Amino acid sequence: MRLLLIPALLLASTALHADWKQDMKDAAKTKAGGVVEQKLGLPSAAPQGAAVYFTNLKTGDTVKNPVLVQFGLKNAGVAPAGTQIVGTGHHHLLIDDPTVDLAVPLPMTEQIKHFGGGQTETNVTLKPGKHTLQLVFGDWKHQSFNPTVASEKITITVQ
Ligand SMILES: [Cu+2]
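Residues numbered from 1 in each chain as written. Predicted model: local features only at pLDDT ≥ 70, side-chain atom pairs only at ≥ 80, totals over all residues.

Draft legend 1. Molecular detail of the overall build of the protein. Tallying secondary structure elements over the protein gives one helix and nine strands in all. Secondary structure elements of the protein, listed N to C terminal, follow the sequence α-β-β-β-β-β-β-β-β-β. By residue count, 19% of the 159 residues in the protein fall in the buried class. Taking contacts inside the protein between residues at least 6 apart in sequence as the whole, the part at least 24 apart equals 68%. (Helix = DSSP H or I, 4+ residues; strand = E, 2+ residues; numbered from the N terminus. Buried ≥ 20, exposed ≤ 12 C-beta atoms within 10 Å, placed from the backbone. Contact = placed C-beta atoms within 7 Å.)

Draft legend 2. Broad picture of the sheet that holds strand S7 (residues 121–124). Pairing is antiparallel across the open sheet formed by three strands, whose spatial order is S1-S3-S7. Edge positions in the open sheet fall to strand S1 (51–54) and S7, since each of these has one partner strand only. Shown here is a sheet whose adjacent strand axes are inclined to one another by a mean of 25 degrees, direction ignored. Note: S1 against strand S3 (residues 67–74), four bridges, orientation antiparallel. The residue bridging Tyr53 from the neighbouring strand is Gly72, located in S3. (Pairing = 2+ DSSP bridges. Axes fitted to C-alpha atoms, helices over the stretch in contact; angles between N-to-C directions.)

Draft legend 3. Just the pairing of S3, in detail. Relative to S7, S3 is paired through four bridges, and the arrangement is antiparallel. Among the inter-strand pairings, Gln70 is bridged to a residue of S7, identified as Glu121.

Draft legend 4. Seen up close, the nonpolar core. If you look at the biggest cluster of nonpolar residues, it comprises 17 residues, and the most contacted ones within it are Val52, Leu135, Val136, Phe137 and Val149. Where this core is concerned, the elements lending two or more residues are S1, S3, strand S5 (88–95) and strand S8 (129–138). If one sorts the elements of this core by residue count, S8 sits on top with four residues. If we skip the residues at most four places from it in the chain, Phe137 touches Ala50, Val52, Leu73, Ala76, Gly89, His91, Phe145 and Val149. (Core = buried A, V, L, I, M, F, W, Y, C linked by C-beta atoms within 7 Å.)

Draft legend 5. Structural view of the environment of Leu40. Tracing the backbone through its elements, the reader meets Leu40 in helix H1 (residues 2–40). The class for Leu40 is exposed, based on 7 C-beta atoms found within 10 Å. Remark: the alpha-carbon pair of Leu40 and Val104, spanning 64 residues in sequence, is separated by 9.7 Å.

As structure tokens, then:
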């Protein structure tokens, strides 16, 4: 009985070992791919069917400061910036229609807010009047996906 068990255990441990090696290889490949992507400024492929949208605001809404903005996401996951996991990214809130180059990482400005911690809502304080808001989902290096995953641009009025 003991003699039979040993080869089975050896086989199992060899299989585990092979998986572990393959995992290491895959991780190295992903990391190398990430370095190349970053150097060349290549966008990540958008997760299939990914979409972002505002869950608590819509065009025509009148709100008070601070304005709670909640981010909806489907067919993708949220991961902190810098964490390279296929099918994930983080939210960006564009305020009052800033000019953005979607071919490079999004800058961090007063009008382009990053939620690199993986946040799915925020409070913003805006001057009274009309404002536009738009969500752009970005990859681990703050770059827009290809194709772009962005919400519709909404216009709200702040009292
Ligand atoms: Cu970002």
